[in-house]
Amino acid sequence: MGTEFSAQGIKYEMSGRTSAIPYGGIGAMLQLARKVGLVGLIDQGLRVLRRPRPYTDSDHILNIAFNLLCGGRVLEDIELRRNDLVFLDALGARSIPDPTTAGDYCRRFDTGDICRLQQIINEARLHVWQQQPAEFFEQTARIDADGSLVPTDGECKQGMDERARVS
């Protein structure tokens, strides 16, 4: 018995001027951050940098966030984005902070900066909620939760069951 999907010999042709990235929604993420006011709020309220040279606080924050959204796991993965001309074009950027600069920026943060960034994000979130029409809030919110128990490979490890009882 054969499979339903049996196409063979498919050929794709692309213009030499065509470019693409697997995370094509990154430009939309930047537009969203701008539209909800997050970019402006970060630049006005965070102030980790005394003056932008050339990157602003929002450039640094979004650079790290976009790296994560594109599958980056560590700051060094930002180098992949820096060398991806299609990625830079999607953001309308000539360049982005390199991993070393991103690390330097992170080291400037203290506890107050982290709390301030969270407050800024919450403020942007409130702006989004305030744009909803009144009837939006009249609807019932439903949370679909799955109560399935899924076994893990760690169950057979020595002492695993004792730790589970203590927690």
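Quick note: structure is the one above.
Residues numbered from 1 in each chain as written. Predicted model: local features only at pLDDT ≥ 70, side-chain atom pairs only at ≥ 80, totals over all residues. Heavy atoms only, no water.

Q: Tell me about the pattern of salt bridges, and please be specific about residues and values.
A: Under the definition given, this model contains three salt bridges. The residue D104 makes a salt bridge to R107 at a minimum N-O spacing of 2.5 Å. Here the residue D104 and the residue R107 both occupy positions in helix α6 (residues 99–108), the gap between them amounting to three residues, near one helical turn. What makes R107 exposed here is its relative accessible area of 60%. For D113, the salt bridge identified is with R116, shortest N-O distance 2.4 Å. Here the residue D113 and the residue R116 both occupy positions in helix α7 (residues 111–130), the gap between them amounting to three residues, near one helical turn. (Salt bridge = Lys/Arg side-chain N within 4 Å of Asp/Glu carboxyl O. Helix = DSSP H or I, 4+ residues; strand = E, 2+ residues; numbered from the N terminus. Buried < 20%, exposed > 50% of the residue type's maximum accessible area, 1.4 Å probe, protein only.)

Q: Let's hear about the side chain of D77: which residues, and what values?
A: Checked against the element boundaries, D77 lands in the loop between α3 (57–69) and α4 (78–82). Here the side chain of D77 touches R73 through a polar contact of 2.7 Å, landing on its backbone nitrogen. Beyond its immediate chain neighbours, meaning those up to four positions away, D77 contacts N67 and G72. (Polar contact = N/O pair within 3.5 Å; in protein donor to acceptor, adjacent residues only side chain to side chain. Contact = heavy atoms within 4.5 Å.)

Q: Lay out a positive patch on the surface in plain terms, naming residues and giving numbers.
A: A contiguous patch of positive charge, built from R50, R51, R53 and R108, is present on the exposed surface. We classify R51 as exposed; its relative accessible area is 55%. (Patch = residues over 30% accessible without salt bridge, like charges linked within 9 Å, V, L, I, M, F, W, Y side chains within 5 Å. Areas by Shrake-Rupley, 256 points an atom, 1.4 Å probe, with all protein chains shown as cover. Lys, Arg positive; Asp, Glu negative; His and termini not counted. Charge placed at Lys NZ, Arg CZ, Asp CG, Glu CD.)

Q: Go over the packing of helix α2 (residues 38–45) against α7, please, and point to the residues and values.
A: Contact pair α2 / α7: the axes reach a minimum separation of 9 Å and the direction vectors enclose 145°. The element α2 and its partner α7 pack so that their crossing is right-handed. Residues L38, L41, I42 and G45 of α2 lie in contact with α7, whose contacting residues are R116, L117, I120, I121, E123, A124 and H127. Within the contact of α2 with α7, the residues separate by chemical class into seven nonpolar, two polar and two charged. (Axes fitted to C-alpha atoms, helices over the stretch in contact; angles between N-to-C directions. Left-handed = near helix turned anticlockwise from the far one by under 90°. Nonpolar A, V, L, I, M, F, W, Y, C, P; charged D, E, K, R; others polar.)

Q: Residue-level account of helix α1 (residues 26–35), with values.
A: Among the residues of α1, I26, G27, L30 and A33 are the ones counted as buried. Axial view of α1: buried residues confined to an arc of 120°, hence all on one face. Exposed positions of α1 whose direction lies more than 90 degrees from the buried face are Q31 and K35. Packing partners of the buried residues in α1 comprise α2, α3 and α5 (85–91). Two residues or fewer past α1, G37 is found with a positive phi of approximately 90°. (Arc of directions from axis to C-beta.)

Q: Summarise unusual backbone geometry; cite the residues concerned and give the values.
A: Cis geometry marks the peptide bond from R53 to P54, where omega comes out at -15°. Note on placement: P54 falls in the loop between α2 and α3. Positioned with a positive phi, R47 is a non-glycine residue whose angle comes to about 55°. Looking at where R47 falls in the secondary structure, it is placed in the loop between α2 and α3.

Q: Can you explain the environment of P97? Please cite residues and give values.
A: Mapping P97 onto the fold places it in the loop between α5 and α6. Excluding its chain neighbours within four sequence positions, the residues that come into contact with P97 are Y55, H60, N63, I78 and R82.

Q: Give a description of a nonpolar patch on the surface that names residues and reports values.
A: Together, M29, L32 and L69 make up a nonpolar patch on the protein surface, roughly 270 Å² of accessible area in all. By the element assignment, M29 lies in helix α1.

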